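Summary of structural features
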Amino acid sequence: MPIDPPITSAYIHIPFCRRRCFYCDFPIAVVGDRPPLQRSQGITASATGHGSGAIAHYIPLLCQEIRATAERVSHGKPVKPLQTVFFGGGTPSLLGVEQLEVILETLSNTFGIVPGAELSMEMDPGTFTLDQLQGYQNLGINRVSLGVQSFDDKLLQACGRTHTLADIHQAFAAIAQVGITNWSLDLISGLPHLTLEHWHKTLEQAVHYQPPHISVYDLTVEPNTAFDRWYQPGEAPLPSDSATTQMYRMAQQHFTAAGYDHYEISNYARPGYTCRHNLVYWRNQPYYGFGMGAASYVNRHRISRPRTSQAYGDWVQQGAEHSAEVGEPTALAEQLLDTLMLGLRLAEGVRLRSLTDQFGVAIAPILLKTLAPHQAKGWVETTILHDQADRSSQASLSSQPDMHIRLSDPDGFLFSNVVLSDLFEALDAIADVG
C-alpha cells in the first residue's frame, strides 16, 4: 500500500457568531449582536473578539490543542511545515488581529508555515473593519472567503443573516483597497422565496464583481435548525426540486461562460485560483483539524472534536486530542468509499490505477460494471491514459485498464448521489477490497 503523504494542511475552527443563521447546524457559540463600531474608513463592524469573554477563553484552549498535537505527531522530530491553513467557522472575522496573531504564532512555532502558504479566512460582511482586514493581511492572510450568500436584503433577512447589501459592497471595497487578489464569493441557492428571476440577477451581480473564486451551495434543510421547524424541502416558500435543479444549471452555464472553471461540484475558479486547502479534502489527503467541532484526518483515522464549548474545553484539558493519532485507522473499504465520494466531486475525477494500487485490483471490475449504466446515460465520462499522458477520448468502462473517471458537468454532478449510492451498495457487499 502506498505511503501516506505528509500532513501539510490545518483547519482551524473559530466557532463564534453574532447569532445563528436559520439554516445553520454547524458547531458554533453565539456571542450576540453588539452595537456597531464607529465607521472606520467606510466600513462598519460589530465588536471583535476583544469584547467577548467566550472568545478570549477559547484562544488558549485552541493553542493548547495545537501544541499538544504537534508534540504527539512529531515524536521529537521536526514535522512538515504547513502549506495551507484555513480559518473556518463560525465567523473567524470576529477575531481581533492580536488574537489571530496568537494562533498563527502557535502554528508557526509548532508546525511551521512555508513561505507562500495559502492562508484562508472565512469572513462575513459587516463583521470587520478596513483596519482589521489590513491587520489580518499583515499577519499573512492571503485568501478571503466572503460569506455573501445573497445580494437581496429581504432574502438575507429571511435566512437570518446579520449583514446587508450595503455591508457587502463595503466588504468588496475593503478587499480591493488592501489589495487582496485571492478571494472567494459564497452564495446559497434554494433559499426561501428565491425565484429563478432573483437567482439570475444574483449570478449577474456575482460576475460583475469579478471574484477569482465562487462557491455556490444549495440549501439543505438540516435537522434541528429553524428552517427544519418552519419548512418542508421542495414545498413553498422553498423553491421546488425542479427549480433548484434549474438554478444549478443556470449557475454552471453563467459562470463557465464568464471564464470560470467548474472544478468541483459547488466551486468555480479562474485559472490559478482553485482553493488549495479544499483540494486536500477532496483528494482524501490527511490534514489536521483544531478547535471545537473540527474534524481531522491523521494516520487514516478521522476524529471530530466535541461540538460544545464546555465539552471541548474538558476534552483539551484531558489530553483527548491525542486520540486522533492513536486510534484505529479507518477500514480499507471505508477509505475507498471516502476516496470515491470526495474524488468524484472534482472535475478531474479519480484515476482507476491509483485506486487499484491502493485498494487492490479486485475493485476494478466492480467499479466498471457499476458505472457502465451511468456512462450510458452521460453521467460518467472517462479519459484513457497512455504513458502517463491523457488522451481525450471516451473509454469503454468494461475494457480499459487505466483511465480517469469523472462525473459529467452538469448532469453527472446533479445526479452524483445516484451514482455514489450505486457504488456504495456494490462495494459494501465486498468483505475485503484489498
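Coordinates for the structure precede this section.
Structural notes, computed from the coordinates. (Residues numbered from 1 in each chain as written. Predicted model: local features only at pLDDT ≥ 70, side-chain atom pairs only at ≥ 80, totals over all residues. Heavy atoms only, no water.)

1. Thoughts on the packing of helix H13 (residues 352-359) against helix H14 (residues 363-376)
Formally: Here an angle of 0 to 180 degrees is reported between the N-to-C directions of two axes, which are lines fitted to C-alpha atoms, with helices fitted over the stretch in contact. Under the scheme used here, helices are H or I runs from DSSP no shorter than 4 residues and strands are E runs no shorter than 2 residues, and both carry numbers assigned from the N terminus. Put simply, angles under 35 degrees are roughly parallel, angles over 145 are roughly antiparallel, angles from 65 to 115 are roughly perpendicular, and the rest are oblique. Between two residues, a contact is recorded if the distance between any of their heavy atoms is within 4.5 Å. When residue character is reported, Ala, Val, Leu, Ile, Met, Phe, Trp, Tyr, Cys and Pro are called nonpolar, Asp, Glu, Lys and Arg charged, and the others, Gly included, polar.
Here H13 crosses H14 at 140°, and the two axes come no closer than 9 Å. Comparing their axes, H14 and H13 come out oblique. Two secondary-structure elements touch here, H13 through Leu 352, Leu 355, Thr 356 and Phe 359 and H14 through Ile 363, Ala 364, Leu 367 and Leu 368. Of the residues in the contact of H13 with H14, the class split is seven nonpolar, one polar and no charged.

2. Structural notes on the state of the cysteines
Heads up, the condition is: Any pair of cysteine sulfurs within 2.5 Å is marked as a disulfide. For each residue, the accessible area found with a 1.4 Å probe, counting protein chains only, is set against the maximum for its type, and the residue is called buried under 20%, exposed over 50%, and partly exposed in between.
In this structure the tally under the stated criterion is zero disulfides. Cys 17 forms no disulfide, and the closest cysteine sulfur to it belongs to Cys 24, at a distance of 6.2 Å. For Cys 17, a relative accessible area of 11% gives the class buried. Cys 21 carries a free sulfur, and the closest cysteine sulfur to it, the one in Cys 24, is 6.2 Å from it.

3. Thoughts on the sheet that holds strand E6 (residues 143-149)
The line we're drawing: In this description, strands pair whenever DSSP reports at least two bridges between them.
Strand order in the open sheet formed by nine strands is E9-E10-E8-E7-E6-E5-E4-E1-E11, with mixed pairing between adjacent strands. On the outer flanks of this sheet lie strand E9 (261-264) and strand E11 (288-290), each paired with one strand and no other. Shown here is a sheet whose adjacent strand axes are inclined to one another by a mean of 20°, direction ignored. As defined by bridge partners, strand E1 (residues 9-14) adjoins strand E4 (residues 82-89) across six bridges and the pair is classed as parallel. Across the sheet, residue His 13 finds its bridge partner in E4, namely Gly 88. Its contacts with the sheet put helix H1 (residues 53-74) on E1 and E11, and the angle it makes with E11 is roughly 155°.

4. Observations regarding unusual backbone geometry
Here the bond from Ala 236 into Pro 237 is cis, since omega is 10°, no more than 30 degrees from zero. Among the structural elements, Pro 237 can be located in the loop between helix H7 (226-230) and helix H8 (241-257). Each neighbour pair has its own omega, and for Asp 409 with Pro 410 the value is 10°, a cis peptide bond. Residue placement: Pro 410 occurs in the loop between strand E17 (403-407) and helix H15 (411-414). Of note, the phi angle at Gln 149 is positive, near 70°, even though the residue is not glycine. Examined against the element boundaries, Gln 149 turns out to sit in strand E6. We note that Arg 300 has phi near 60°; this positive angle belongs to a residue other than glycine.

5. Re the packing of aromatic side chains
Heads up, the condition is: Centre distance within 6.5 Å is the pairing criterion for rings of Phe, Tyr and Trp, where only the six-membered ring of Trp is used; planes under 30 degrees apart are then read as stacked, over 60 as edge-to-face, and the remainder as tilted. Cation placement over rings: the criterion is NZ of Lys or CZ of Arg within 6 Å of the ring centroid and within 35° of the ring normal.
Evaluation of the coordinates by the stated rule reveals 23 aromatic pairs. Arranged with centres 5.9 Å apart and planes meeting at 15°, the rings of Tyr 288 and Phe 290 form a pair that is stacked. When its relative accessible area of 4% is taken as the criterion, Tyr 288 is described as buried. Positioned over the ring face of Tyr 260 is Arg 270, at 4.1 Å from the centre of the ring. Over the aromatic face of Tyr 297 sits the side chain of Arg 302, whose NZ or CZ is 3.8 Å from the ring centroid.

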